Amino acid sequence: MEKQRTYLCIDMKSFFASVECAERGLSPFETNLVVADESRGKGAITLAITPKMKALGVRNRCRLFEIPKNIDYIIALPHMSLYIKYCADIFDIYLDYFSPNDIHQYSIDEAFIDVTDYLSIYKLEPKQLAKKIINEIAERTHIPATCGIGTNLYLAKIALDITAKHCKDHIGMLDEQTFKETLWEHRPITDFWNIANGIATRLARYGIHDMKGVATAPEDLLYRNFGKNAKLLIDHANGKESCTIADIKNYKGKSKSISNSQILFSDYAYDKAHIVIQEMALSGCQRLLKEHLIASHVGIFVGYSKDATPATGGTLKMASSTNLYSMVKEYVDRIFEDTTHQDVPIRRLAICFSGLVDESAEGYDLFTDLDALQKERNVEKAVLEIKEKFGKNAMLRGFDLQEGATQKERNKLIGGHNGG
């Protein structure tokens, strides 16, 4: 019989806002603070707000103009590199207690830990061990944390997301039985991990509004509506999850593509957007070169302001698989010029390289100037080395300096936000 496992799911409470408070020597439970880029205007989205703000009824990830005018608060500019540093410091705390093989960093502020074999080592019950880790995080980083404890990864996540909120010590615990006893009739169903509004709406058509409804619904109905994903839905409705951290560590994705997207700082005209898509193509080629990959296809996506016009774009197979911008540019320009509306403001752009293989599989026709291609590759490798050593803006192309170009500014960002 397989040994019952115990997982912790630890989440840093209002992480970005808590880091900004820690840097100022303030308590996030006593301070009104939001993390947002005020330079983007009152429509800027708050990346995080303190628990004190939430207690006042302010919604997380609201826009600045939605915060009631009678609330005084601090606006902190995002500092993504600082948040990454805090995340690394917290991960170091985990490593003081657990092997990296038993830790899965789910996001910058959330991690799963398989503590099954550590309970006997530390002679602690699951909740005692969770409290010990949370307390040490608070002492060493001044960041508050909450925790979910479960007999599988899913239950640990649900114990964190739902149960912990109703516990004084902010630590929730679930096994399959307590899940059914306490959360089977919990609503809204969208509180459960992996159930978004679209899934909830489809379930509601059949009078299913909670996990008990899913668990007791005819399986053929669920498979008819959700295909093979119905298996995951049924398992989760019964508090079951077979995936382990070892499975996650051993997983190898089948995806053979890389992509990049951005929301433009303002509405862009056709010509300015063309500059940006060329920058994105170059950036993608540099990434391929760095990872020793070549692509057989390139595609672009163009989204228009306020979604007034359906998105456009397309994908083309290139004559030769490559990672050289001089060859990719031709196809990117052709798609952009053939599919993009010239008289509609543009707000979103994306590019995708697919059909990736190792660059050792590279091959060209008899008419290709191989010496010229090798010269270009040597130049690009030299550029990458300079950027690696001196920063991404150490070398820029001429179009990076044109009006509307975004690469120079985006090189300063992490995850689309100020790096700090």
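Because the structure is a prediction, the values reported are computed rather than measured.

The next point concerns the nonpolar core. Membership of the largest hydrophobic core comes to 40 residues, with the highest contact counts inside it found for Ile10, Met12, Phe15, Tyr94, Phe98 and Ile137. Elements with a minimum of two residues in this core: β1 (7-12), α1 (15-24), β2 (33-35), α3 (80-97), β6 (110-114), α5 (126-141) and β7 (145-150). With nine residues, α3 is the largest single contributor of residues to this core. Those residues in contact with Ile10, other than ones at most four positions away along the chain, are Tyr94, Asp109, Glu110, Ala111, Ile113, Ile133, Ile137, Ala145, Thr146 and Cys147. Counting residues in each nonpolar core, the second largest holds 31 residues, with Tyr268, Leu293, Tyr304 and Phe353 among its members.

Moving on, we get to unusual backbone geometry. A cis amide bond links Arg187 with the next residue in sequence, Pro188, at an omega value of 5°. Summarising the element assignment, Pro188 is placed in the loop between α7 (176-183) and α8 (197-204). With phi around 60°, His170 is a residue other than glycine that occupies positive phi space. For His170, the location among the structural elements is in the loop between α6 (153-163) and β8 (171-174). Residue class for His170 comes out partly exposed when judged on its relative accessible area of 33%. Of note, Asp307 is a non-glycine position whose phi angle comes to about 55°, a positive value.

Attention shifts here to the pairing of strand β10 (residues 293-304). Across the 12 residues that make up β10, a large majority, 10, are buried. As defined by bridge partners, β10 adjoins strand β13 (residues 357-358) across two bridges and the pair is classed as antiparallel. Directly across from Ile294, in β13, lies its bridge partner Val357. Pairing geometry for β10 and strand β11 (residues 312-322), over seven bridges, is antiparallel.

This next bit is on the sheet that holds strand β4 (residues 74-76). In space, the three strands of this open sheet follow the order β3-β2-β4, with mixed pairing throughout. In this open sheet, the two edge strands, each paired with only one partner strand, are β3 (48-49) and β4. The pairing of β2 with β3 spans two bridges and is antiparallel. Paired with Val35 across the bridge in β3 is Ala48. Together, β2, β3 and β4 form the strand contacts of α1, whose direction differs from that of β2 by roughly 120°.

Moving on, we get to the pairing of β7. The buried count for β7 comes to six of six residues, which makes it a mostly enclosed element. Every second residue of β7 is oriented toward a common face, with Ala145, Cys147 and Ile149 on one face and Thr146, Gly148 and Gly150 on the other, all of them buried. Sheet topology note: the β1/β7 ladder contains six bridges and is antiparallel. Considered in β7, the bridge of Tyr7 is made with Gly150. As defined by bridge partners, β7 adjoins β8 across four bridges and the pair is classed as parallel. Paired with Ile149 across the bridge in β8 is Met173. Crossover connection from β7 via α6 to parallel β8: handedness left-handed.

Running from amino to carboxyl end, helix α10 (residues 219-226) crosses helix α11 (residues 229-237) at an angle of 130°, the nearest separation of the two axes being 8 Å. Classified by the angle between their axes, α10 and α11 sit oblique to one another. Seen from above, α10 lies across α11 with right-handed handedness. Note on element contacts: α11 touches α10 through Asn229, Ala230, Lys231, Leu233 and Ile234, opposite Glu219, Leu222, Tyr223 and Phe226. Its residues assigned to classes, the contact of α10 with α11 comprises six nonpolar, one polar and two charged.

Turning our attention to a nonpolar patch on the surface. Together, Ile386, Phe390 and Met395 make up a nonpolar patch on the protein surface, roughly 280 Å² of accessible area in all. Secondary-structure assignment places Phe390 in helix α15 (residues 370-390).

Cut-offs and rules
- Residues numbered from 1 in each chain as written.
- Predicted model: local features only at pLDDT ≥ 70, side-chain atom pairs only at ≥ 80, totals over all residues.
- Heavy atoms only, no water.
- Core = buried A, V, L, I, M, F, W, Y, C linked by side-chain atoms within 4.5 Å.
- Buried < 20%, exposed > 50% of the residue type's maximum accessible area, 1.4 Å probe, protein only.
- Helix = DSSP H or I, 4+ residues; strand = E, 2+ residues; numbered from the N terminus.
- Contact = heavy atoms within 4.5 Å.
- Pairing = 2+ DSSP bridges.
- Axes fitted to C-alpha atoms, helices over the stretch in contact; angles between N-to-C directions.
- Right-handed = clockwise from strand over helix to strand, strands pointing away.
- Parallel < 35°, antiparallel > 145°, perpendicular 65-115°, else oblique.
- Left-handed = near helix turned anticlockwise from the far one by under 90°.
- Nonpolar A, V, L, I, M, F, W, Y, C, P; charged D, E, K, R; others polar.
- Patch = residues over 30% accessible without salt bridge, like charges linked within 9 Å, V, L, I, M, F, W, Y side chains within 5 Å.
- Areas by Shrake-Rupley, 256 points an atom, 1.4 Å probe, with all protein chains shown as cover.
- Salt bridge = Lys/Arg side-chain N within 4 Å of Asp/Glu carboxyl O.

Read these as spatial facts, not as claims about activity.
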